[in-house]
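# Descriptive analysis of the structure
Given next are the chains, with one letter for each unit.
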Amino acid sequence: MSDLAMSDPVTPPDALGLAQALIRCPSVTPEEGGALDLLARLLGEAGFAVERPIFSEAGTPDIQNLYARLGTQAPCLVFAGHTDVVPPGEAARWRHAPFGGAVADGMLYGRGAVDMKGGIACWLAATLAHLHEHGRPAGSIVFLITGDEEGPAVNGTVKLLDWARARGERFDHCVLGEPTNPAALGDMIKIGRRGSLTGTLTVHGRQGHVAYPHRAENPIPGMLQLARALLAEPLDGGTAHFDASNLEFTTLDVGNPATNVIPAEARATFNVRFNDRWTAETLGTEIRARLARAAGEAVRYTLDLLPSNSPAFLTRPDAFVDLVSDAIEAETGRRPALSTTGGTSDARFIKDACPVIEFGLVGETMHQVDECVAVSDLERLTAIYRRVLAAYFAR
């Protein structure tokens, strides 16, 4: 754990120093690694009421989380994020130690530099600077930080929100600090996400010798027939804020090492990223209908759709989205695109508590060897977040 402290009451810590301190905490899911301890100490010193709930569920590791609130009144602005990171892989392949927080040629290196310890550091630096300049806000600021975003995501944000709701906590808006920008800071705000649904399709046959096909039932042609039926027609043409839904097969297997044996089964896994025309339930109905039409009486199959906690959702553009966009444009000269592309995030849970947008660093190197962020981007993102805080509490 870092020895970073707010020893100077005149100058709050900067984002670079905070990001380095967080990177030096080896918080690979599910380990806390000292990252939440560091945040708890700094937020406590700034006057936040800090709590550290731990959540459990059978078959998953216990997870430490952090909830910190300054103020009791509305409006309440939440910053959400995660301190857990993916494993660094082979450390010898890194230019700099993955948990060293080294700075070289204007870049900060380390696991979590962009996903998303850098974003947390920027918001914390912006918050401390805002409090130093303006004092306590006419409203509330909340930090909602989990250690379970990169893992199973069952003992983190979803339970932390339930915990807060049971206590009567209410939120007005949320910024999630995921790295949303594809190439340059200011490129993109996420105002929603597509849903995700995974299914396993099994076609049943009868094993036999390839020389006697009449005594067997080959499941592979049936699998190809059903797969074509799922892929032949687009699910939709997209909507106002979403791209078209897409179904992709990710595995296809018969588990057959022999070249002279017709297999008994063929199995395939697929994943659908779907837009706001669908729910997991209506999409499941469409998939079953397509399979039934294609199979008729000729193909024997079973379909297993996994439970989905990833619905499609949209935060409709409004005054809050404009406020964040204005802050970004003021610092970068770019008006960010409003996007719903990409994978899932913890925003899918937060959207049930309040409107949520995502804006953070450039995600080009996230989860890669030599994950890094430009020091200048840390400074500019902090400036953007400061503008957001000032504008939000001046309304």
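In the block above lies the structure referred to throughout.
Read on for an overview of the structure. (Residues numbered from 1 in each chain as written. Predicted model: local features only at pLDDT ≥ 70, side-chain atom pairs only at ≥ 80, totals over all residues. Heavy atoms only, no water.)

### Concerning the sheet that holds strand S6 (residues 103-104)
Overall, antiparallel pairing links the three strands, which are arranged S6-S7-S21 in an open sheet. Taken across any chain shown, the strands that pair with only one partner, and hence form the sheet edges, are S6 and strand S21 (372-374). Judged from the two bridges that link them, S6 and strand S7 (residues 107-109) form a sheet pairing that is antiparallel. By the bridge assignment for S7, Val103 is matched with Leu108. Running over the sheet, helix H9 (residues 375-394) touches S6, S7 and S21 and is turned about 65° from S21. (Pairing = 2+ DSSP bridges. Helix = DSSP H or I, 4+ residues; strand = E, 2+ residues; numbered from the N terminus. Contact = heavy atoms within 4.5 Å. Axes fitted to C-alpha atoms, helices over the stretch in contact; angles between N-to-C directions.)

### As for the sheet that holds strand S16 (residues 265-274)
Pairing between the strands of a sheet comes from backbone hydrogen bonds, and it takes one of two forms, parallel or antiparallel. Spatially, four strands are ordered S14-S16-S12-S17 in an open sheet, and the strand pairing comes out antiparallel. Of all the strands in the sheet, the pair left with one neighbour each is strand S14 (246-253) and strand S17 (300-305). For this sheet the average axis-to-axis angle between neighbouring strands, irrespective of direction, equals 20°. Here S14 pairs with S16 via seven bridges, running antiparallel. Looking at S16, one finds that Asp253 is bridged to Arg267. Where helix H6 (residues 280-295) meets the sheet, it contacts strand S12 (195-204), S16 and S17, and its direction lies at approximately 170° from that of S17.

### Some details on a nonpolar patch on the surface
Among the surface-exposed residues, Ile220, Leu224 and Leu252 lie close enough to one another that they form a single nonpolar patch of about 260 Å² accessible area. Along the polypeptide, Leu252 turns up in strand S14. A relative accessible area of 58% places Leu252 in the exposed class. (Patch = residues over 30% accessible without salt bridge, like charges linked within 9 Å, V, L, I, M, F, W, Y side chains within 5 Å. Areas by Shrake-Rupley, 256 points an atom, 1.4 Å probe, with all protein chains shown as cover. Salt bridge = Lys/Arg side-chain N within 4 Å of Asp/Glu carboxyl O. Buried < 20%, exposed > 50% of the residue type's maximum accessible area, 1.4 Å probe, protein only.)

### A closer look at the nonpolar core
Residues Leu66, Phe79, Trp123, Phe143, Ile357, Phe359 and Tyr385 are the most contacted members of the largest nonpolar core, which totals 58 residues. Taken together, the elements giving at least two residues each to this core come down to helix H1 (15-23), helix H2 (35-45), strand S4 (66-70), strand S5 (76-82), helix H3 (117-134), strand S8 (140-146), helix H7 (319-332) and H9. Residue contributions to this core peak at nine residues, all from H3. One finds Val203, Phe270, Leu291 and Ala312 within the second-largest nonpolar core, a separate group that totals 22 residues. (Core = buried A, V, L, I, M, F, W, Y, C linked by side-chain atoms within 4.5 Å.)

### Some points on the pattern of salt bridges
Counted under the stated rule, the structure contains 23 salt bridges. The residue Glu169 makes a salt bridge to Arg167 at a minimum N-O spacing of 3.8 Å. Residue classification places Arg167 among the partly exposed residues on the basis of a relative accessible area of 40%. Between Asp352 and Lys351 there is a salt bridge whose closest N-O contact spans 2.8 Å.

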